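Survey of secondary and tertiary structure
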2 protein chains.
Amino acid sequence: MTTRLLTKEQVRGLIRMPDVIAAVEDAFRAFSDGAVEQPPYMGLHLSQPGAEIDFKACYHAGAERVSLKASSGGFRDNPSRVGLPNGMGTVLLFDGLSGALLCAMDGSLLTGFRTGAAGAVSVRALAREDARVVAMIGTGNQARMQIRAIREVMQIDRIHAWGRSSAGLAGFKVDIETEFGLPVIPADSAQDAVAEADIVVTTTRASGVVLRAGWLRPGTHVVAIGADQKGKQELDPEIFRHARIIVDSRAQCVEKGEAQHALRAGIVADVHAEIGEVLLGRTAGRQSRDEITIFDSTGMAIQDTTTAALILQRAQDRGIGAHFDFLGQES
Amino acid sequence: MTTRLLTKEQVRGLIRMPDVIAAVEDAFRAFSDGAVEQPPYMGLHLSQPGAEIDFKACYHAGAERVSLKASSGGFRDNPSRVGLPNGMGTVLLFDGLSGALLCAMDGSLLTGFRTGAAGAVSVRALAREDARVVAMIGTGNQARMQIRAIREVMQIDRIHAWGRSSAGLAGFKVDIETEFGLPVIPADSAQDAVAEADIVVTTTRASGVVLRAGWLRPGTHVVAIGADQKGKQELDPEIFRHARIIVDSRAQCVEKGEAQHALRAGIVADVHAEIGEVLLGRTAGRQSRDEITIFDSTGMAIQDTTTAALILQRAQDRGIGAHFDFLGQES
């Protein structure tokens, strides 16, 4: 029994957004079907201010795969001190039928891809079919990943973008226009950015309202990515009052997703459904052309499991990676 | 930055019980000194009855090391179906100052060694100095590991052993006499085994009383290894009434250690101390020659951290292991 080892560059060569979108759909369906075991994650706060290592595990019973993702972040001195990124990741993938360690892969790229894919899954499931205009609030790495993913599931005519940093906004415009050939129109404000949008994606680190209820057009689909911890917030809770609220995980979103604020304020009594329930056909998604839909994404370990399993499958098919026999006599 | 990879056989060549005893003492001191972060572990129950994978993480702030141990068990069909053990282990060791993955090593041997070492640490800290006779209740792998460890910290004249299986008992006698040259005297009962003992070690999987209070001689030191889950039990709770009760972790032992039963029965109101507090000199260990002392061991992730760090240090010193650069361009 050997364990396959994959570097970051090998993962980069194996990971393809259309496949990840399919893997994340599988993840959402399995989760809402009760075929997933996801214990609370383990988070360690290290001695350097802001530095942490988190461990997230998940069992996908249908696929008989177990993943463990180690993610570090906040090591601000790494680039200058040791020439390493300020955060790194490693994913272990185990066979659920034997417990064997099938693969250890670099995890730097996986989280960004599967989070981007989640947005695209929600667009395909919840946005109006004639949606063409995207507003991007926030201009960092995940904003780029959202565009990379959403363009796989809809025809984007143009992107209105806004971010707090004008340099960040200019860089986003150059990158998106170069990589995807999609026109980016810098906006003067978040309100300006969303004025003509069919899809609004929020990817900031904000802990307060970035998007007001009155600014959105009827029929908009909102992809709320940024809020994934207690206290983090991007949306005016009033947006939730008449919207259809779809979440990745009900348990997570009521506690630390964007929905936490609308629930605490008593604006809504509950979320409507998990996206997995929509994908399984157990509940309706969008109910009318004019309805505002919200996808509240907090991120789940099952997305890591199915995405890592996909990467391993492609590595096996293409013979990519090194092998190491942890139980063998020789290394 | 490369990650060192170590096979089971390489770990076997690097791990030495005297070093592990020192590493576990360091672990206990660091834990009771508040220099350790150990979140609740993540346990996954898989589809095969009894099969599970657990993940235990720990941060040792003093040493700036983070460990993650993946342990599988209960895959009964593995030997016949896929030629693998019914349980396996992998340990990841990270640098707490950068988050870098320093080492991935096979973890099959580590838990047995660090658990054995815990018993020896308690014998050195709590047993009478003139203790010479050991009683071993249970005759499995951990019973062997306890003898391997305890012989490093005391002169064992003889071992009285008892187990439910007479074949297991006979095998234990042969193994211990062959490996360590120590005489093993099979006992007809647990009572018979402990009648002349200075040290009593319990390593069974029992969920009920194996050892009665009236059987123990004054001045005995009891090493209680078996009970590490709710419901598991080896000792008559009455043993606790007049004994000095030292635990590895107060929080763990009151919930799932041997102490849980004596506390629930109201026989004692609290445990006396953690062994780390004794090792730090913050509280006394044994108070008199005649006192019965109990070490209640449930096992802690920090023992994995310090033991894995020791193995890595020796591998670095001796140039053992393969290297893999997860962030590099080539594998």
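Computed from a predicted model, the values in this text were never measured in an experiment.

**Concerning the overall build of chain A**
- Regarding its fold elements, chain A presents eleven helices and 18 strands.
- Computed over its C-alpha atoms, the radius of gyration of chain A comes to 20 Å, within 12% of the 20 Å expected for a compact globule of 331 residues.
- Each of the three principal axes of chain A carries a C-alpha extent, and together these read 65 × 45 × 40 Å.
- In chain A, which comprises 331 residues, the proportion classed as buried is 59%.
- Of the contacts formed within chain A by residues at least 6 apart in sequence, a portion of 72% connects residues at least 24 apart.
- Looking at chain A as shown, the accessible area adds up to about 12600 Å², and 45% of this sits on carbon and sulfur atoms.

**Considering the packing of helix α2 (residues 17–32) of chain A against helix α11 (residues 301–318) of chain A**
All names here are of chain A.
- It is at 8 Å that the axes of α2 and α11 come closest, and there the two elements cross at 135°. With respect to each other, α2 and α11 are oriented oblique. For the crossing formed where α2 meets α11, the hand is right-handed. Where α2 abuts α11, its residues Asp19, Val20, Ala23, Val24, Asp26, Ala27, Phe28 and Phe31 lie against Ile302, Gln303, Thr306, Thr307, Leu310 and Arg314.
- Along the lines of polarity and charge, the residues of the contact of α2 with α11 split into eight nonpolar, three polar and three charged.

**Focus: the relation of the copies chain B and chain A**
- Mapping chain B onto chain A calls for a screw motion: a turn of 180° about the axis and a shift of 0.0 Å along it, with 0.0 Å RMSD after fitting. Such a turn and shift between the copies fits a two-fold axis. Closest approach to the rotation axis among the C-alpha atoms of chain B is made by Met42 of chain B, whose C-alpha sits 3.8 Å away.

**Comments concerning the interface of chain B and chain A**
- Across the contact, 58 residues belong to chain B and 58 residues belong to chain A.
- In this assembly, chain B packs against chain A so that about 4400 Å² is buried in total across both faces, 71% of it on carbon and sulfur atoms.
- The largest per-residue losses of area from chain B upon contact with chain A belong to Met42, Phe326 and Leu327 of chain B, which jointly make up 15% of the total buried on that side.
- Our count for the chain B to chain A interface comes out at zero salt bridges.
- If you look at where chain B meets chain A, you find 14 residue pairs in polar contact (both at pLDDT 80 or more).
- Element by element, the count of residues in the side of chain B that touches chain A is highest for strand β4 (residues 52–60) of chain B, at six residues.
- Grouping the amino acids of the side of chain B that touches chain A by side-chain chemistry returns 33 nonpolar, 16 polar and nine charged.

**Looking at the sheet that holds strand β8 (residues 133–137) of chain B**
Residue and element names in this part refer to chain B.
- The eight strands lie next to each other as β10-β9-β8-β11-β13-β17-β15-β16, forming an open sheet whose pairing is parallel. This sheet does not close on itself; its edge strands, each paired only once, are β10 (184–186) and β16 (273–274).
- Bridge analysis of strand β9 (residues 158–162) against β10 gives three bridges, and the strand direction is parallel. In the strand pairing of β10, Ile159 is matched with Val184.
- Helix α6 (residues 166–180) rests against β8, β9 and β10 of the sheet, and its axis sits at about 170° to β10.

**Observations regarding the side chain of Thr220 of chain B**
Residue and element names in this part refer to chain B.
- Among the secondary structure elements, Thr220 is positioned in the loop between β12 (207–211) and β13 (221–224).
- Only 2.7 Å separates the side chain of Thr220 from the backbone oxygen of Arg217, close enough to count as a polar contact.
- Once you skip the residues sitting within four places of it in the chain, Thr220 turns out to touch Arg128, Ala197, Asp198, Val200, Arg286, Glu291, Ile292 and Thr293.

**Quick notes on the side chain of Glu64 of chain A**
- Among the secondary structure elements, Glu64 of chain A is positioned in the loop between β4 (52–60) and β5 (65–73).
- Put simply, Glu64 of chain A is tucked away with no salt bridge, and the nearest opposite charge, on Arg65 of chain A, sits 7.0 Å away.
- Polar contacts involving the side chain of Glu64 of chain A include one to the side chain of Tyr59 of chain A, which spans 2.9 Å.
- Beyond its immediate sequence surroundings of up to four residues, Glu64 of chain A is in contact with Tyr59, Phe94, Asp95, Gly96 and Leu97 of chain A together with Ser47 of chain B.

**Things to note about the pairing of strand β3 (residues 42–45) of chain B**
- Of the two faces of β3 of chain B, the one holding Met42 and Leu44 of chain B is buried and the one holding Gly43 and His45 of chain B is not buried anywhere.
- Connecting β3 of chain B to the antiparallel partner β4 of chain B that follows it, the hairpin turn spans six residues, and Gly50 of chain B within it adopts a positive phi of roughly 85°.

**A look at α2 of chain A**
Residues and elements named next belong to chain A.
- Between the first and last C-alpha of α2 there are 22 Å, a value that for 16 residues agrees with the 22 Å anticipated at 1.5 Å per step.
- Burial analysis of α2 places twelve of its 16 residues in the buried class, the great majority of the element.
- Taken residue by residue, α2 has Met17, Asp19, Val20, Ile21, Ala23, Val24, Glu25, Ala27, Phe28, Ala30, Phe31 and Ser32 as its buried positions.
- Count one or two residues on from α2 and you reach Gly34, which has phi positive near 75°.

What counts, and at which threshold
- Residues numbered from 1 in each chain as written.
- Chains lettered and ligands numbered in written order.
- Predicted model: local features only at pLDDT ≥ 70, side-chain atom pairs only at ≥ 80, totals over all residues.
- Heavy atoms only, no water.
- Helix = DSSP H or I, 4+ residues; strand = E, 2+ residues; numbered from the N terminus.
- Rg over C-alpha atoms; globule rule 2.2 N^0.38 Å.
- Buried < 20%, exposed > 50% of the residue type's maximum accessible area, 1.4 Å probe, protein only.
- Contact = heavy atoms within 4.5 Å.
- Areas by Shrake-Rupley, 256 points an atom, 1.4 Å probe, with all protein chains shown as cover.
- Axes fitted to C-alpha atoms, helices over the stretch in contact; angles between N-to-C directions.
- Parallel < 35°, antiparallel > 145°, perpendicular 65-115°, else oblique.
- Left-handed = near helix turned anticlockwise from the far one by under 90°.
- Nonpolar A, V, L, I, M, F, W, Y, C, P; charged D, E, K, R; others polar.
- Least-squares fit on C-alpha atoms with pLDDT ≥ 70 in both.
- Buried area = accessible area lost by both parts, 1.4 Å probe.
- Salt bridge = Lys/Arg side-chain N within 4 Å of Asp/Glu carboxyl O.
- Polar contact = N/O pair within 3.5 Å; in protein donor to acceptor, adjacent residues only side chain to side chain.
- Pairing = 2+ DSSP bridges.
- Lys, Arg positive; Asp, Glu negative; His and termini not counted.
- Expected span 1.5 Å × (residues − 1).

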